[in-house]
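Listed here are the chains, written in short residue letters.
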Amino acid sequence: MTAFVIRRLIESVVVLFAMSLIVFVGVYAIGNPVDILINPQAEPLERERAIAALGLDRPLWEQYVTFLRGAVTGDLGRSFVHATPALGLIVEKMPATLELAFVAMLLAVVLGIPLGLWAGLKPDALSGRAIMAGSILGFSLPTFWVGLMLIMVFSVMLGWLPSNGRGPTVDVLGIGVSFLTVDGWRHLILPATNLALFKLALLIRLTRAGTREALLQDYVKFARAKGLPQRRVIGVHVLRNILIPIVTVAGLELGSVIAFAIVTESVFAWPGMGKLLIDSINLLDRPVIVAYLLVIVAIFITINLVVDVLYSALDPRVRLTESRG
Amino acid sequence: MSATAAMRDEPLLVVDGLCTHFPTRAGVVKAVDGVSFSLRRGEILGLVGESGSGKSITGYSILGLVDPPGRVVAGSIRYDGVELTTLPGEAMRRLRGNRISMVVQDPMATLNPVLRIDRQMTETILAHDDVGEALALERARDALLRVGIASPDERLRAYPHQFSGGMRQRVAIAIALINRPDLVIADEPTTALDVTIQGQILHEVQTLARETGTALVWITHDLTVVAGLADRVCVMYAGRIVEQGTTAQVLESPAHPYTRGLLDSVPARNARGARLRQIPGMPPAPLGLPDGCAFRERCPRADEACVADPPMRGTPGDPDRGARCHHPLDDAP
Amino acid sequence: MPASAAPVRDPGVPTSPLRRVAADFFADPVATFGFALLALLVALALFAPLVSPQNPYDLAQIDVLDGRLPPGAAAATGGTYWLGTDDQGRDMLSAIFYGLRISLSVGVASTIVALAIGVVAGLAAAWAGGRIETLVMRVVDIQLSFPAILIALILIAVLGQGTGKVVAALVTVQWAYYARTVRSAALVERRKEYIEAARCLALSPLRIVAGHLLPNCLPPLIVVATVQVAAAIALEATLSFLGLGLPITEPSLGLLIANGYQYLLSGKYWISFFPGLALLASIVSINLVGDRLRDVLNPRLQR
């Protein structure tokens, strides 16, 4: 088990290193780094000074070393707009995005698994077909438009929920969170629903397919032949088997939820990293874009690592082969 | 044992005119179409047929576990005087795994891969008898010992993939016998195993069944398996029983040409070096069953008479011996 | 067993594969509906100048005084704005027809380019094997592990904005799906005897790959391409909505929706709502067709 974790850790570092190289090539070699990293509105003299300070007059490999050193020490340049370290800006906005993403994923899991289970148990019933039709719609609906419609119905027409912002936050260990107050939830619920919709559709499909497959397995038939009540056959024998892959997928999808938050945050003016990214792209605040990119890659790699380790801890088959080998 | 003696007269299981059909878009598949047989307490019945003959569906019908869209559409299944085809779901569940249990074919797939063995065993007890975890665990331990599994305490804490195929089938058999049922339906439980392990398990099951007075329906395509095991044999073809009798009667003087063909295609019965005799042709497609005798297109004895449905011809004085054929082989009495 | 209860195909008169696929396809009423809806949308997009009540981008035909009228309002010039007008006084119905035209063409164009690139890369990987295969598939794997929206946004951020750059971003996002699909299909086909036979005839590799391998990879490609057109349309709309997609001179459905966003909060829903409905109809109809094609063309499901 320990050997497995160490091996996966080394792999992750290698991928992170490779991604830093790609980002570097993208920003420094393909794009013009002077345009990307130095404020175009700067005075010519200041420009010269900045080029020298960033080492853009140095050979490419030396620039990469500088860039890497900056990335490792957390120095990814200063925002043109805010004149503060770009990484600091991202980190400051991260809790808002993470909170939104976690609540969205939770919604998707809590609703998606039971609905998918139901649709898998009753594939021909009206209810099962309705759930599947809903999930096809969930895949087809563009996230941003659903967001607009949620605002239209719940904020404008009904006036039940606020349409933008995060509302007041409560500090927990120095990090502001919304989920501890009623007002926070009122702000959270629409964007989280919006963000959850696509993953909800995905989890319904996955659970349904897994359920239908599990029902055909001999062990389910045998569990019935043992005279177990239906709720135990479904709740223990079927669910246990499909839950491991589903939880794995849900974990892996967390990264994509964080990335998709870009759209939802823009619609609901949610003050997270995604909205910061869009604002930065519009304002040509490139150091922030680079910092966002590296942070999101690091998040993806961390999630993959954690999910892999958890998966091997959950599945007895994987767990035991690993400990033996 | 006078009470038992009285019960022996009444068969444990009476299947009468059972029809299990599968409606599909292309038509109705008559997987089981008018099957009748009976079984006394402690008796071992071999249900023999090729794949698709309806022998497994017959077994699942008794347990009420036919997969939809399949359904028992006619006939009756009486177990210990109780009609099973109309029994409410909860009452049927209380019989399953308790009075009637089942062992299925593939030992690699019968046990749930993500649950420990102890859980899979104790849940079978607790579903029928609320004796508490500790006592259930004790019984599970004894059950493993009975099927010849050494160091059961360690084995109980293992997962199925840590067992070999033979071991898994032993565990499955232990689970099937754990509540001391009156009837076990075994659907080719040894087919997927090595020949040596097959032999061991057959022997153990036979011993266990005799000791506990458990009746067995042993479903198989392999006549050599029933030869050493069963008291009586029913041969199925295309959803019907075409011949029945004691094991000696059916194997030594078959009356139906299909049974004859099956016996001839068993390697051990042929002289060394001689060509294996095969039944010509293929089993009929499930949707394209011919009128009359389903075997007539492959039968060397078939003539115009066979276009009409042959009745089951019993033997005077022996209602359990008979063949469904217009032209039974003459060496029948 | 129920497995043997599979319906048997009527072996009657032999028909062409296309006819058989079409017959299978239209056997499903939902898919038929999707196909009809898609045909209608494509027709509206193609003939937008003919069917639109006005040319929404001809300044002579629009009147700012008619701005933000609700659906069903009468126009100053006579006629009715069935779906209302936007802030400039454009008839929304006409704007949607023109927007469909732009959204569908960007989606289809980027799919065709991505398809070409992906097919070449995938076939090259499958045929050449070795290092080329490893390289191509590694890039594909890494790319597909990140969400499309993220990759597209980053490309736009690095490349800058404009129609060509949006198409380039859509192509970059999509090609990997085709490469992966073609490679896996080609790897299966490669091992079959007819390829061996073609090789023995000393046909040139190009002829074997293009003439024999490619046609057999087509069914899965058609399915993936259908679904990807819908994905490309949705992605373009999202980028345009975020203000990072097509320029204002190319008002796609996404831009129309973005344009109505600010009026939504004051209850003027129609400027965003109806273009969104058109977008939804396009994506749903394409997905319905794609779903059915997947069932019809999947050899594993053919019995």
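Placed above this text is the structure.
Below you will find a few notes about this structure.

About the thresholds
- Residues numbered from 1 in each chain as written.
- Chains lettered and ligands numbered in written order.
- Predicted model: local features only at pLDDT ≥ 70, side-chain atom pairs only at ≥ 80, totals over all residues.
- Heavy atoms only, no water.
- Helix = DSSP H or I, 4+ residues; strand = E, 2+ residues; numbered from the N terminus.
- Buried < 20%, exposed > 50% of the residue type's maximum accessible area, 1.4 Å probe, protein only.
- Contact = heavy atoms within 4.5 Å.
- Areas by Shrake-Rupley, 256 points an atom, 1.4 Å probe, with all protein chains shown as cover.
- Lys, Arg positive; Asp, Glu negative; His and termini not counted.
- Charge placed at Lys NZ, Arg CZ, Asp CG, Glu CD.
- Buried area = accessible area lost by both parts, 1.4 Å probe.
- Salt bridge = Lys/Arg side-chain N within 4 Å of Asp/Glu carboxyl O.
- Nonpolar A, V, L, I, M, F, W, Y, C, P; charged D, E, K, R; others polar.
- Pairing = 2+ DSSP bridges.
- Phe/Tyr/Trp six-rings, centres within 6.5 Å; stacked < 30°, edge-to-face > 60°.
- Lys NZ or Arg CZ within 6 Å of the ring centre and 35° of its normal.
- Core = buried A, V, L, I, M, F, W, Y, C linked by side-chain atoms within 4.5 Å.
- Axes fitted to C-alpha atoms, helices over the stretch in contact; angles between N-to-C directions.
- Left-handed = near helix turned anticlockwise from the far one by under 90°.
- Expected span 1.5 Å × (residues − 1).
- Polar contact = N/O pair within 3.5 Å; in protein donor to acceptor, adjacent residues only side chain to side chain.
- Disulfide = S-S within 2.5 Å.

## Describing the overall build of chain C
For chain C, the helix and strand inventory stands at 11 helices and 2 strands. Counting helices and strands in the order they occur from the N terminus, chain C gives α-α-α-β-β-α-α-α-α-α-α-α-α. By the burial criterion, 47% of the 303 residues in chain C qualify as buried. Long-range contacts, defined here as pairs at least 24 residues apart, represent 69% of the contacts in chain C between residues at least 6 apart. Working note: accessible area of chain C is about 14,400 Å², and carbon and sulfur atoms make up 67% of it. Once the 21 positive and 18 negative side-chain charges of chain C are each reduced to a mean point, those two points are 11 Å apart.

## Topic: the overall build of chain A
Along chain A, the regular secondary structure elements total 13 helices and 2 strands. C-alpha extents for chain A along the principal axes are approximately 85 × 60 × 35 Å. When burial is assessed residue by residue, chain A has 50% of its 325 residues classed as buried. Long-range pairs, those at least 24 residues apart, make up 72% of the contacts in chain A between residues at least 6 apart in sequence. Element-wise, carbon and sulfur atoms account for 68% of the exposed surface of chain A, whose accessible area totals about 15,000 Å².

## Focus on unusual backbone geometry
Residues and elements named next belong to chain B. With omega at 10°, the peptide bond leading from P68 into P69 counts as cis. Within the secondary structure, P69 is located in the loop between α2 (55-63) and β4 (71-79). Despite not being glycine, S151 shows a phi value in the positive range, around 40°. Counting through the fold element by element, S151 comes out in the loop between α6 (133-146) and α7 (152-156). Owing to a relative accessible area of 42%, S151 belongs among the partly exposed residues under this scheme. Positive phi, normally seen in glycine, also occurs at R180, with a value near 50°. Structurally, the position occupied by R180 is in the loop between α8 (165-177) and β7 (183-187).

## Considering the interface of chain A and chain B
Interface size is often expressed as the accessible area that is lost when the parts come together. Taken together, the contact between chain A and chain B spans 21 residues of the former and 29 residues of the latter. Buried surface at the junction of chain A and chain B, both sides included, amounts to about 2,400 Å², of which 59% is carbon and sulfur. Of all residues in chain A, the largest losses of buried area upon contact with chain B belong to K221, F222 and K226 of chain A, amounting jointly to 28% of the total for that side. At the surface where chain A touches chain B, the tally comes to 3 salt bridges. When the shortest N-O distance is used, the salt bridge between K221 of chain A and D67 of chain B registers 3.1 Å. Of all the elements in the fold, those that place two or more residues in the side of chain A that touches chain B are α9 (218-225), α10 (230-268) and α13 (316-324) of chain A. Here the residues of the side of chain A that touches chain B are counted per class, giving 9 nonpolar, 3 polar and 9 charged.

## Comments concerning the pairing of strand β6 (residues 100-103) of chain B
All names here are of chain B. Side chains I100 and M102 project from β6 onto one buried face, and the interleaved S101 and V103 project onto a second face that is buried too. Direction of pairing for β6 relative to β7: parallel, over a ladder of 4 bridges. Note on β7: the bridge partner recorded for M102 is I185.

## A few points about the packing of aromatic side chains
In this structure the tally under the stated criterion is 17 aromatic pairs over all chains. Aromatic pair F26 of chain C and F35 of chain C: ring centres 5.3 Å apart, planes at 85°, arrangement edge-to-face. For F26 of chain C, a relative accessible area of 40% puts it in the partly exposed group. The exposure class assigned to F35 of chain C is partly exposed, which follows from its relative accessible area of 39%. Counting every residue linked through ring pairs, the aromatic cluster contains W145 of chain A together with Y269, W270, F273 and F274 of chain C. Against the face of F163 of chain B rests R155 of chain B, its NZ or CZ located 4.9 Å from the ring centre.

## A closer look at the interface of chain A and chain C
Between chain A and chain C, the contact holds 35 residues from the first and 32 residues from the second. Taken over both partners, the interface formed by chain A and chain C buries close to 3,000 Å², and the fraction arising from carbon and sulfur atoms is 84%. Inspection of the region where chain A meets chain C yields 1 salt bridge. Notably, a salt bridge pairs D291 of chain C with R205 of chain A, separated by 3.6 Å at the nearest N-O pair.

## Side note on the nonpolar core
By size, the foremost hydrophobic cluster in this structure holds 147 residues, and its most contacted members are F144 and W145 of chain A together with L153 of chain C. Excluding its chain neighbours within four sequence positions, the residues that come into contact with F144 of chain A are V263 and V267 of chain A together with A237, T238, F241, I257 and L279 of chain C. Counting residues in hydrophobic clusters, the runner-up holds 58 residues, among them A158, M167, L202 and Y258 of chain B.

## Some words on the environment of A176 of chain B
All names here are of chain B. Looking at the element boundaries, A176 is found in helix α8. Judged by relative accessible area, which is 3%, A176 ranks as buried. For the pair formed by A176 and I100, sequence separation is 76 residues and the distance between their alpha carbons is 8.5 Å. With near-sequence residues (within four places) excluded, A176 lies in contact with S101, M102, V103 and P181.

## Some points on the sheet that holds strand β8 (residues 215-220) of chain B
Residue and element names in this part refer to chain B. If you trace the 8 strands from one edge of the open sheet to the other, you get β6-β7-β8-β3-β9-β10-β12-β11, paired in mixed fashion. Single-partner strands in this sheet number two, and they are β6 and β11 (313-315). Strand-to-strand, the axes of this sheet are offset by a mean angle of 25°, without reference to chain direction. Across the sheet, α2 is in contact with β3 (44-48), β6, β7, β8 and β9 (232-237); its angle to β7 comes to roughly 150°.

## Some points on the sheet that holds strand β5 (residues 82-83) of chain B
Strands belonging to one sheet form pairs held by backbone hydrogen bonds; the direction of such a pair is parallel or antiparallel. Residues and elements named next belong to chain B. One open sheet holds the 4 strands; their spatial order is β2-β1-β4-β5, and the pairing between them is antiparallel. The open sheet has two edge strands with one neighbour each: β2 (27-39) and β5. Pairing of β4 with β5, which is carried by 2 bridges, proceeds in the antiparallel orientation. Each bridged residue has a counterpart across the sheet, and for Y79 the counterpart in β5 is V82. Against the sheet, α2 touches β1 (13-24), β2 and β4, its axis set at about 110° to β1.

## Let's talk about the packing of helix α6 (residues 148-159) of chain C against helix α7 (residues 163-190) of chain C
All names here are of chain C. Between α6 and α7, the least distance of the axes is 9 Å, while the angle of their chain directions is 145°. The handedness of the crossing between α6 and α7 is right-handed. Touching A148, I151, A152, L155, I156 and L159 of α6 are K165, V166, A169, T172 and V173, all from α7.

## Looking at helix α10 (residues 253-264) of chain C
When the terminal C-alpha atoms of α10 of chain C are compared, their 16 Å separation across 12 residues agrees well with the 16 Å that a helix rising 1.5 Å per residue should span. Listing the buried residues of α10 of chain C in full gives L253, G254, L255, L256, I257, G260, Y263 and L264 of chain C. On its buried face, α10 of chain C sits against α7 (143-157) of chain A together with α4 (92-128), α9 (205-241) and α11 (270-297) of chain C.

## Here we look at the side chain of E265 of chain A
Residues and elements named next belong to chain A. Relative to the assigned elements, E265 resides in helix α10. One buried charged residue, E265, remains without a salt bridge, the closest side chain of opposite sign being K275 at 8.2 Å. Looking at E265, its side chain comes within polar contact range of the side chain of T97, at 2.7 Å. Beyond its immediate sequence surroundings of up to four residues, E265 is in contact with T97, L100, W270, G272, M273, G274 and K275.

## Overview of the state of the cysteines
Residues and elements named next belong to chain B. A full pass over the atoms with the stated rule returns 0 disulfides over all chains. There is no disulfide at C19, and the cysteine sulfur nearest it, in C234, is 16 Å away. Residue classification places C19 among the buried positions, given a relative accessible area of 12%. C306 forms no disulfide, and the closest cysteine sulfur to it belongs to C293, at a distance of 5.9 Å. For C306, a relative accessible area of 6% puts it in the buried group.

## Here we look at the pairing of strand β10 (residues 240-246) of chain B
All names here are of chain B. Within β10, 6 of the 7 residues are buried, leaving the element largely enclosed by the surrounding structure. Here 6 bridges tie β9 to β10, and the two strands are oriented antiparallel to one another. Residue pairing in the sheet places C234 in a bridge with Q244 of β10. In this structure, β10 lies alongside strand β12 (residues 318-323), joined through 2 bridges in antiparallel fashion. The partner of Q244 across the bridge, within β12, is G322.

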